[in-house]
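Architecture and fold: a report
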Amino acid sequence: MLLIGKKIRDYLFGPRGLARLGAGAIIRPPFDLNGRDRIEIGENTIILSHANICALSGYADASLDGRVIIGNRVYIGRRFYIGGAAKLIKIGDDCVLSENVSIFDNSHGLSPEGLAIMQQALEDIREVVIGDSSFIGINSVILPGVTLGKHCVVGAGSVVTKSFSDYSMVAGVPARLLKRYNLETHCWEICR
């Protein structure tokens, strides 16, 4: 009954217990927010329905200090997924993330010689940072250790496995640099 009451409260009044919920921020229900005291959402940010955001405090007997920081004026489409931030996932101001975007700052242990996968310690725990004013296309996945500079564009369906500097346009599986914006010519230029 308490869980139902909490979901009704969230639906009617918005999420409670977050580390920060900026003025004018909207999270459309239904949503699933775990580790609320380690999730920050900036001012005038809009997160559409079916978001799943989790900041981990522990996993498989390991203590963690996972945090999620979402900047100001960010737009996030439906079915946004952070399955469990073990360190830090930070999204800068004025970003747009399309539908079905997933971001991970860790991966499961996958040893076939021991515990079940969900009982193995997390591996490859590295921060993910998305720079201000970046655009992430529909169905994209951002993996541990990735930093995207400001004004980056990630094409639809991309899997980003490495970092890219400011003004980069990337796409593919794995994502690779396609274009870079030239501030002198005011054009996206093809990279060879």
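In what follows, the accompanying structure is described. What you are looking at is a predicted structure, and each value in this text was computed from that prediction instead of being measured. (Residues numbered from 1 in each chain as written. Predicted model: local features only at pLDDT ≥ 70, side-chain atom pairs only at ≥ 80, totals over all residues. Heavy atoms only, no water.)

Focus: the overall build of the protein
Assigned secondary structure in the protein consists of one helix and 25 strands. Against the 2.2 N^0.38 benchmark of 16 Å for 192 residues, the protein shows a C-alpha radius of gyration of 17 Å, consistent with a compact globule. Expressed along its principal axes, the backbone C-alpha trace of the protein runs to roughly 60 × 50 × 25 Å. Relative to its full complement of 192 residues, the protein shows a buried share of 41%. (Helix = DSSP H or I, 4+ residues; strand = E, 2+ residues; numbered from the N terminus. Rg over C-alpha atoms; globule rule 2.2 N^0.38 Å. Buried < 20%, exposed > 50% of the residue type's maximum accessible area, 1.4 Å probe, protein only.)

So, the environment of H50
Relative to the helices and strands, H50 resides in the loop between strand 5 (46-47) and strand 6 (51-55). Classification of H50 by relative accessible area gives partly exposed; the value is 45%. Along the sequence, H50 and I89 sit 39 residues apart, while their C-alpha atoms lie 19 Å from each other. Those residues in contact with H50 that lie beyond four places of it in its chain are R28, P30, R79 and F80. (Contact = heavy atoms within 4.5 Å.)

Comments concerning the environment of D124
Secondary-structure assignment places D124 in the loop between strand 16 (122-123) and strand 17 (128-130). The sequence separation of D124 and H108 amounts to 16 residues, and the corresponding C-alpha distance is 8.3 Å. Of the polar contacts made by the side chain of D124, one reaches the side chain of R126; its length is 2.7 Å. (Polar contact = N/O pair within 3.5 Å; in protein donor to acceptor, adjacent residues only side chain to side chain.)

Considerations on the pairing of strand 25 (residues 187-190)
The sheet contact formed by strand 24 (residues 175-182) and strand 25 spans four bridges and is antiparallel. Residue R180 lies in a different strand from strand 25, and its bridge partner there is E189. (Pairing = 2+ DSSP bridges.)

Looking at the sheet that holds strand 12 (residues 88-91)
The strand order across the open sheet built from six strands is 1-4-9-12-17-20, with neighbouring strands paired in parallel fashion. Lying at the two open borders of the sheet, with one neighbouring strand each, are strand 1 (20-21) and strand 20 (147-148). Across two bridges, strand 17 lies against strand 20 in parallel orientation. Note that in strand 20 the partner of I130 across the bridge is L148.

Here's the deal with the packing of aromatic side chains
Per the counting criterion, the structure on display carries three aromatic pairs. Put simply, the rings of Y167, Y181 and W188 pair up and form one aromatic cluster. (Phe/Tyr/Trp six-rings, centres within 6.5 Å; stacked < 30°, edge-to-face > 60°.)

With respect to the environment of M118
Checked against the element boundaries, M118 lands in the loop between strand 15 (107-108) and strand 16. Distance in space between the C-alpha atoms of M118 and A60 is 7.8 Å, their sequence separation being 58 residues. Not counting residues up to four positions away in its chain, the partners in contact with M118 are Y59 and H108.

That's the geometry; what it means functionally is another story.
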